[in-house]
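Observations on the model geometry
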There are 2 protein chains.
Amino acid sequence: MEIDVAALHPALDDPALNSMNFLNEIAQHYPDAISLAAGRPYEEFFDVDALPRWLDRFRRHLADDLGHDPGRITRTLFQYGRTKGILHELIARNLALDEQITVDPEAVVVTVGCQEAMFLVLRALRAGPRDVLLAVAPTYVGLTGAARLLDFPVRPVAGGPAGIDLADLRAQLDRARAAGERPRACYLMPDFANPSGVSMSLADRRRLLDLADSEDLLLIEDNPYGLFPADDDGTRLPTLKALDERARVVYLGSFAKTVLPGARVGYVLADQRVRGSDGTVGLFADQLARIKSMVTVNTSPIAQAVIGGRLLEHGCSLVEANVRERAVYAGNLRHLVAGLARRFPAPSEVGWNVPRGGFFAVVTVPFPVDDALLTRSAREYGVLWTPMAHFYDDTAAVNALRLSVSVVTPEQIDQGLDRLAALLTDELARRKVSVS
Amino acid sequence: MEIDVAALHPALDDPALNSMNFLNEIAQHYPDAISLAAGRPYEEFFDVDALPRWLDRFRRHLADDLGHDPGRITRTLFQYGRTKGILHELIARNLALDEQITVDPEAVVVTVGCQEAMFLVLRALRAGPRDVLLAVAPTYVGLTGAARLLDFPVRPVAGGPAGIDLADLRAQLDRARAAGERPRACYLMPDFANPSGVSMSLADRRRLLDLADSEDLLLIEDNPYGLFPADDDGTRLPTLKALDERARVVYLGSFAKTVLPGARVGYVLADQRVRGSDGTVGLFADQLARIKSMVTVNTSPIAQAVIGGRLLEHGCSLVEANVRERAVYAGNLRHLVAGLARRFPAPSEVGWNVPRGGFFAVVTVPFPVDDALLTRSAREYGVLWTPMAHFYDDTAAVNALRLSVSVVTPEQIDQGLDRLAALLTDELARRKVSVS
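Just so it is clear, the model here is predicted, and its values are computed rather than measured. (Residues numbered from 1 in each chain as written. Chains lettered and ligands numbered in written order. Predicted model: local features only at pLDDT ≥ 70, side-chain atom pairs only at ≥ 80, totals over all residues. Heavy atoms only, no water.)

With that settled, the discussion passes to the nonpolar core. A:Leu252, A:Leu260, A:Phe284, B:Leu252, B:Leu260 and B:Phe284 are the most contacted members of the largest nonpolar core, which totals 192 residues. Within the second largest apolar cluster, 36 residues are counted, among which are A:Ile26, A:Tyr30, A:Val369 and A:Leu373. (Core = buried A, V, L, I, M, F, W, Y, C linked by side-chain atoms within 4.5 Å. Buried < 20%, exposed > 50% of the residue type's maximum accessible area, 1.4 Å probe, protein only.)

Turning to the UniProt feature "domain: Aminotransferase class I/classII large" (unreviewed entry) in chain A, a few remarks are in order. The UniProt record marks residues 60-420 of chain A with the feature "domain: Aminotransferase class I/classII large" (unreviewed entry), using the residue numbering of this structure. This span, residues 60-420 of chain A, is 41% helix and 17% strand, and a straight line between its end C-alpha atoms measures 50 Å. (UniProt positions renumbered as here; feature names shortened; annotations may be inferred. Helix = DSSP H or I, 4+ residues; strand = E, 2+ residues; numbered from the N terminus.)

All right, on to the relation of the copies chain B and chain A then. When chain B is brought onto chain A, the operation consists of a screw motion whose angular component is 180 degrees and whose axial shift is 0.0 Å, with 0.0 Å RMSD remaining. Both chain copies can therefore be described as sitting about a two-fold axis. For chain B, the smallest separation between a C-alpha atom and the rotation axis is recorded for B:Pro52, amounting to 2.8 Å. Most of the interface of chain B is mirrored in chain A, where 100% of its interface residues are also at the interface. (Least-squares fit on C-alpha atoms with pLDDT ≥ 70 in both. Contact = heavy atoms within 4.5 Å.)

Turning next to the pattern of salt bridges. All names here are of chain A. A complete count under the given rule lists 72 salt bridges over all chains for this structure. Asp-216 is the partner of Arg-248 in a salt bridge, and the nearest nitrogen-oxygen pair spans 2.9 Å. Of this pair, Arg-248 sits in the loop between helix H9 (240-243) and strand S8 (249-254) while Asp-216 sits in the loop between helix H8 (202-214) and strand S7 (218-222), and the two are 32 residues apart along the sequence. Via salt bridges that share partners, Arg-376, Arg-379, Glu-380, Glu-427, Arg-430 and Arg-431 belong to a single interconnected network. (Salt bridge = Lys/Arg side-chain N within 4 Å of Asp/Glu carboxyl O.)

Taken together, the contact pairs 89 residues of chain B with 89 residues of chain A. Carbon and sulfur atoms make up 63% of the area that chain B and chain A hide from each other, which totals about 7600 Å². Its largest share of buried area at the contact with chain A, chain B owes to B:Met1, B:Phe78 and B:Met294, together 13% of the area lost on that side. Here chain B is connected to chain A by ten salt bridges. (Buried area = accessible area lost by both parts, 1.4 Å probe.)

Before going further, it helps to examine the packing of aromatic side chains. Inspection of every chain in the model, using the stated rule, returns 25 aromatic pairs over all chains. Aromatic side chains A:Phe255 and A:Tyr267 sit 5.6 Å apart centroid to centroid with 45 degrees between the ring planes, which places their arrangement in the tilted category. Of the two residues, A:Phe255 sits in the loop between S8 and strand S9 (266-269) while A:Tyr267 sits in strand S9, which places them twelve residues apart along the sequence. In this structure, A:Phe255 and A:Tyr267 share a single accessibility class: buried. Centre to centre, the rings of B:Tyr225 and B:Phe359 are 5.0 Å apart; their planes meet at 65 degrees, and the pair counts as edge-to-face. Remark: B:Phe359 occurs in the loop between strand S12 (351-352) and strand S13 (360-364) and B:Tyr225 occurs in the loop between strand S7 (218-222) and helix H9 (240-243); sequence separation between them is 134 residues. These aromatic residues form a ring-pair network of at least three members: A:Tyr225, A:Phe228, A:Tyr329, A:Phe359 and A:Phe360. (Phe/Tyr/Trp six-rings, centres within 6.5 Å; stacked < 30°, edge-to-face > 60°.)

This part is about the side chain of B:Gln172. Residue and element names in this part refer to chain B. For Gln-172, the location among the structural elements is in helix H7 (residues 166-178). For Gln-172, a relative accessible area of 12% translates into the label buried. Beyond its immediate stretch of four places on either side in the chain, Gln-172 contacts Leu-134, Pro-156 and Val-157.

Moving on: the sheet that holds strand S10 (residues 273-275) of chain B. Strand order in the open sheet formed by three strands is S1(A)-S10(B)-S11(B), and the pairing between neighbours is mixed. For this open sheet the edge positions go to strand S1 (2-4) of chain A together with strand S11 (281-283) of chain B, each flanked by a neighbour on one side alone. Adjacent strand axes in the sheet meet at a mean angle of 35 degrees, parallel and antiparallel pairs treated alike. Sheet topology note: the S1(A)/S10(B) ladder contains three bridges and is parallel. Counted as the bridge partner of A:Glu2 is B:Arg273 from S10(B). In the packing of helix H10 (residues 284-292) of chain B onto the sheet, the strands contacted are S1 of chain A together with S10 and S11 of chain B, and the crossing angle to S11(B) comes to about 70 degrees. (Pairing = 2+ DSSP bridges. Axes fitted to C-alpha atoms, helices over the stretch in contact; angles between N-to-C directions.)

What follows concerns the domain arrangement of chain A. Residues and elements named next belong to chain A. Each domain of chain A was delimited in the assignment, giving domain 1 (5-44 + 322-435) and domain 2 (52-321). With centres defined by C-alpha atoms, the gap from domain 1 to domain 2 works out at 27 Å. Counting residues at the interface gives 31 residues for domain 1, matched by 35 residues for domain 2. Both sides together, the interface formed by domain 1 and domain 2 hides about 2800 Å², and carbon and sulfur atoms give 57% of it. The tally of links between domain 1 and domain 2 comes to three salt bridges. A salt bridge links Arg-148 to Asp-14, with the shortest nitrogen-to-oxygen separation between them at 2.5 Å. Among the secondary structure elements, those contributing two or more residues to the side of domain 1 that touches domain 2 are helix H1 (15-29), helix H13 (323-343) and strand S13 (360-364). Examining the composition of the side of domain 1 that touches domain 2, we find that seven residues originate from one element, H13, more than from any other. (Domains from an automatic or database assignment.)

Okay, structure coming up:
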């Protein structure tokens, strides 16, 4: 049987879903190229032998801390389980320790990675054709892709150097409402954002929360990189959720960067109150769980046990657990920025931002950066990076590219930057010739 | 912040999503009641100590059979991975051994349980407002719930004693098309169906495939129970997919009943050809993978390794792996049917079907079976079962209930049937009095 793609969901023919494929394919096609594109976490500290240890640690937690008998422990790990997951208490402890967020564990839904958390929230909020989602641009492609699958239009809000342009947020809200649309929420990454690397100031975080209140807007805070500041003192700003006094913030958590991606465990903290048609009031988390029960039923308790064991080994502090990793990311980011400064001394047509942490930095150039240039970079120069155009939900040209430092050594960063410098220098010269 | 449920996706206020909750809640509320309701697999053979053994077995498979070095093995288990999963070769071997299905491993997408497989297929097929899904009634609630979340109307097709009423299928197709609707597929469970326990005959399977061809209809075959025939000789009929010569069948596989639910690993076999807007032809599986990349990214390779290890321990045959389990289910099912015959000797107003395998049988009575009766059964008689009304996508009364034998002993079946018999006898008497 043959099916025409036009007879399938429109998202399947959408650039948002194709960009990830293109980027993966080019990486597979040029395996020897140095990757300043991959956003995977650092691999050198991964240890397969830790898996049984973490499983056993979580099992002892069930027995010793929760007093479960062997039969119940086996059922917990092997059978269908609680839709909201079994890590809610440990996640609440972790958020209290690392983020000073006080949580009702019942407001936590453990999900199949942060992607499912995003998908559940978007599915819940997209109730009808008038609903639109606001998202700070540039935007993580997983958010745009999930929105596409749910026929949920995404209206970009300017990010800019502050992380979010609050005037533009207000303008977008007014524009959407004037057009008869219902803005359901605004998605953003306030800390070391992917792809921009930008972080919001404390003052802007407070202003955003006030604006959300006055505009009756829900904020979706995604925080996969917050644990990785690059400053020597490791200072971190409070998350929106830590500052959130009126449950304006739905908080998305990921263990992919702080433990390992292969467990596919993330979570959503949704403590908003939902009034049912019968007048009863419950948590938004319980509505998300009902959606989850029809998408993945529940998150693998075995995968949750792996994460739980790692959390327990470090008293539920992921700051503790990631001391070595943080040093690697911070060192690599500083090395990248210093390397850019050495290779493009001022005055230069090539610019870049200096993120205060995370995996990413953005390089700006005086010409559009597209997939053709990336393909040439991979084939002729042996270096991979990500065109920023992939993170904007339109076809406009973007004169910027994203560099990632999470899976490379300082030596690879140097090599990669040498190759990138060669590409950009050649490209600048080529364009000067063509205009003269 | 408070949200009105009316402002969330309509499915959240839908009976299809509430029925599962109600059934779980009543089970939690009456923990001491004997459960002839739970469809969980048998627990007595579960062994937590097997987890590290299975993980190690799969790890040795990666090293010895596939020649992966330690670094690559660590990356495979810990990092983000192939969207379609890493069990495709083992699943192809398993389908060849146990189901005589010859598979291109590239046509397999490993999913977060069979529920995600269902969700991905429905998301792909629901392209616009004219699209409707046909499903054999009574229907598994997970299918109806997933369809609700995707605003995908479900049109019931009469199941009846043959498993599917082919005349009604044709009638429903004509009716839908006459109404300007586009029937995208028909969902069914041909073997030991949940909830009916009914299986299709070989002749009907061939007729259904011919009808699918002549009507250009896709069939979604869900097969969680096919490995558990109750006949002494253990004979099993070929699945629709094994008989499918023109890729009319999308096959949904689950490891929840044949290995363990807690890994949350299932798969979809989708070997249909899809023609892209650029004219290129690929597999339907690759379209499903693109949807999956925005729902769960990929299925936990750690959870996949657990399933893979168990498969490898039995040469990829789940028939082999489930010899003990099959004996338990077959024995319990025979015990249940014999117990019903003993307690309701002919002539009786109470009837039941005699499934040839699986977990479930259906008892019919001369009065509507509703949640109120179930609540009384749990509270006053100490036995749980499932009103068949939950498996029909309307509010019509249904004079039947589902019994499950998968997590009980023969002694518990006897006790449960004694209590059920007492309930039904009292109920019959009560109604006779009230009419006279």
